[in-house]
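# Architecture at a glance
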Amino acid sequence: MHARRWLAGLAFSLVPLGVAHGSGGTVIPATTGFLDYVYSIQAPSGGNDRAITRYGTAGVPAPNGTEFLCPNTVICGARTRSGHQAVTSANRPELLDIRLEDPNNPGFPNVVPVPAATGNLTPGTPAIAADSNATPAQCPAALAYQNYTFNNGTGVADPLSAVFLTWRFSGTTTPCLLALETRAPNNTRALLYNSLTAQYGGGPGNHWLEIVTFCPAVLTLSMRMHGSSQYPADPGLADWFIRADEAGTILDDYVSTTIVVDNGTSAPITNETLRLMADPSVINPKLAPRDVANVFRLIGSPGVSLASGNPYSWPPGRTVFRANVPAAVSAKFQAAMPVNVPFIASSAPPGPGPAGSAPGVLGARRQRGQIDDGTAELASIVQNPGLTGDALAQRFPALRFFPTTGGTRVTRVDVTRIDVSALSIGTGRGFDAIQLRRGDPVLLNSADISPQGLLGGIGTVGDAVVDAAIPVDPNGCRFYSFPTIPAIAAPSTDDVWAMVSIMPGDSITSGTGLCGDSTAATVLGQSYTSPGGVTPFTPSPTLNWMVRLISLPVPFAGRPAPDRPTMGGNVRLPITVYGQVPVMYLK
């Protein structure tokens, strides 16, 4: 090695570096994280002096020379760490590219002549990809990262052999300096090329000169279980529930699924079997998982089942299935509600080959106005102690829960609460008020707490009188129904907010808290809190408050109103001993 190395020692703090993720890919590190020098080969540069980092096994031809484990790796760019010590600015490196091994000089790339990108994959010929990054225009005045993309962001396919990332030093007396690691063991990746002597040699340490790759999956599958779409572009609720139309005879909500298959290759993937496995053991422990793909019919093609295309051939790109079971579920299934039913969708060949799968959960509920899954994982007040106007609210979106044109009559509100006052003061407590309100016309995602926003309910917010009384029951979360809610007509275009007001002075040791369901798979993000009557309401996105509305369409064609508690005889509350439900407050 005849290159005259110019090392400039700088005092830098230790910078740990693992596998870092950047835009469009993953940085494949060429250092262990130590940074103790910046350097140049010579000053001034010979004009084509190169710092080089090798990836892959030198001298081993395709397809065994690569070190990228993904068979479809795209080399999408690079990351460098560089800077200069000059008072005046210096030019940035003029060229950064990916090159293949020179068969006449094993272990090194051919860097002569200086080419532009050609896309040529023949070893020893011009670069297969060059720097297409337009900024920054100059070498950083202080040590900093620079990111580069190849082929205008499209990258270059892994040639399945050793590749060489080369970085050109600027030909100035104050060159741009490359960061160097010398405190760690030399990984033998770093190389140098001296353009004045036309010779290659090993580098003095590990270059901060690193490839950025992207690994497209060969086959990925994602799946979501939900109810029917109720309007254009509606993805469907994560919870399916029994919802009749105005006549009360035809269901307009069906057990549905959306399955997306992505083929990340450029050719079809053939002989794949699509399955949709349901686990009915949550309904009957004696039942085993079964493939229900033949039961689901494609939306828009009701005579075609998900299973009818087996074995499938997945074309390159994305394939989307939207399907449902266009029929009422069995009475046994309905009797088991509320329940969360696990599903798994999969695509796989009979033998070895590309495969993908995804789990999903369908939250099955007995009727609209019922969001939680019947299990109380926590109980809460707004803050500790409670203040006048503290409220917890469950939002019921109109277009999903109240789709009828004639409006909806809400005749009852059911809540699951925990009474933590029985042991401390010996009497039952309750809530300041339970009210149904419209959405605020000005404040998005908030209940309208003005007099005009009130649809009906029990009690007056802020009067510190227990209007929604709770019987003494020191046994954890318990269901209670309030049948005295006045019947109201809720327009189908207006969301309904069920607002539960906490008594001022209630605390986590004395008072009444509202229970919540935190089963992540079927949390709908419609739960809110409001401290001290202050709006707007704040989302509580990790739970469903256990508040339910009993409702029926108007008119209901003379049929008897299904005015019954939603939790009676069906609620599953695993916490039955006082003190076992974690009582918390949200502030």
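Let me sum up the structure you'll find in this document. (Residues numbered from 1 in each chain as written. Predicted model: local features only at pLDDT ≥ 70, side-chain atom pairs only at ≥ 80, totals over all residues. Heavy atoms only, no water.)

## Some points on the overall build of the protein chain
When helices and strands are tallied, the protein chain shows three helices and 43 strands. Residues counted as buried form 51% of the 587 residues belonging to the protein chain. In the protein chain, of all internal contacts separated by at least 6 residues, the share reaching a separation of at least 24 is 78%. Accessible surface for the protein chain amounts to roughly 24200 Å². Of this, 58% is attributable to carbon and sulfur atoms. (Helix = DSSP H or I, 4+ residues; strand = E, 2+ residues; numbered from the N terminus. Buried < 20%, exposed > 50% of the residue type's maximum accessible area, 1.4 Å probe, protein only. Contact = heavy atoms within 4.5 Å. Areas by Shrake-Rupley, 256 points an atom, 1.4 Å probe, with all protein chains shown as cover.)

## Thoughts on unusual backbone geometry
Between Asn310 and the following residue, Pro311, the backbone shows a cis peptide bond with an omega angle of -10 degrees. Relative to the helices and strands, Pro311 resides in the loop between strand S23 (301-305) and strand S24 (312-314). The omega torsion of the bond from Met337 to Pro338 falls at 0 degrees, within 30 degrees of zero and hence cis. Locating Pro338 in the fold gives a position in the loop between helix H1 (331-335) and strand S26 (339-348). A positive phi angle is found at Thr188, which is not glycine, with a value near 65 degrees. By the secondary structure assignment, Thr188 is in the loop between strand S12 (177-181) and strand S13 (190-194). Phi angles above zero are rare outside glycine, and Asn445 is one such case at about 55 degrees. By secondary structure assignment, the location of Asn445 is in the loop between strand S32 (433-438) and strand S33 (454-458). Asn445 gets classed as partly exposed once you look at its relative accessible area, which sits at 40%.

## Quick word on the state of the cysteines
Under the criterion given, the structure shown has one disulfide. Shown here is the disulfide that connects Cys477 with Cys515, its sulfur atoms set 2.1 Å apart. Judged by the sign of its S-S torsion, about -100 degrees, the cystine formed by Cys477 and Cys515 is left-handed. Placement of the pair is Cys477 in strand S35 (residues 477-482) and Cys515 in strand S38 (residues 512-517), with a sequence separation of 38 residues. The exposure class of Cys477 is buried, given its relative accessible area of 1%. Exposure remark for Cys515: the relative accessible area of 0% places this residue in the buried category. (Disulfide = S-S within 2.5 Å.)

## A closer look at the pattern of salt bridges
For side chains bearing opposite charge, pairing can occur when the charged atoms are close. Inspection of every chain in the model, using the stated rule, returns eight salt bridges. The closest approach of N and O atoms between Asp97 and Arg50, which form a salt bridge, is 3.7 Å. Of this pair, Asp97 sits in strand S7 (residues 96-100) while Arg50 sits in strand S5 (residues 50-55), and the two are 47 residues apart along the sequence. Summarising the burial analysis for this pair, Asp97 and Arg50 share the class buried. One salt bridge connects Arg395 with Asp495, and the closest N-O pair in it is separated by 2.9 Å. With Arg395 in strand S29 (residues 391-396) and Asp495 in the loop between strand S36 (488-490) and strand S37 (496-501), this residue pair connects regions lying 100 residues apart in the sequence. This pair shows no difference in class: Arg395 is buried, exactly as Asp495 is. Each member of the salt-bridge network shares a partner with another, and the members are Arg50, Asp97 and Arg99. (Salt bridge = Lys/Arg side-chain N within 4 Å of Asp/Glu carboxyl O.)

## Thoughts on the packing of aromatic side chains
According to the stated counting rule, one finds 13 aromatic pairs in the structure shown. Geometrically, the ring pair formed by Tyr480 and Phe482 is edge-to-face, given 5.0 Å between the ring centres and 80 degrees between the ring planes. With relative accessibility at 28%, the residue Tyr480 sits in the partly exposed group. The exposure class assigned to Phe482 is buried, which follows from its relative accessible area of 5%. Consider the rings of Trp497 and Tyr528, whose centres lie 4.7 Å apart with planes at 50 degrees: the pair is tilted. Taken together, the positions of Trp497 in strand S37 and Tyr528 in strand S39 (residues 527-530) put the pair 31 residues apart, joining distant regions of the chain. We classify Trp497 as buried; its relative accessible area is 1%. Overall, Tyr528 belongs to the buried group, its relative accessible area being 4%. (Phe/Tyr/Trp six-rings, centres within 6.5 Å; stacked < 30°, edge-to-face > 60°.)

## A short note on the sheet that holds strand S22 (residues 297-298)
Strand order in the open sheet made by the five strands is S17-S19-S25-S22-S23, with antiparallel pairing throughout. Every other strand in the sheet has two partners, leaving strand S17 (219-226) and S23 as the edge strands with one partner each. Bridge count for S22 against strand S25 (residues 317-325) is two bridges, and the pairing is antiparallel. When the bridges of S25 are listed, Arg297 appears paired with Asn324. (Pairing = 2+ DSSP bridges.)

## Remarks on the pairing of strand S11 (residues 163-168)
Most of S11 sits out of view: six of its six residues are buried. Here S11 shows a buried face lined by Val163, Leu165 and Trp167 and a second buried face lined by Phe164, Thr166 and Arg168. Pairing of S5 with S11, which is carried by six bridges, proceeds in the antiparallel orientation. Within the sheet, the bridge partner assigned to Arg50 lies in S11 and is Arg168. In this sheet, S11 lies alongside S7 in antiparallel orientation, the contact comprising five bridges. For Leu96, the partnering residue across the bridge sits in S11 and is Trp167.

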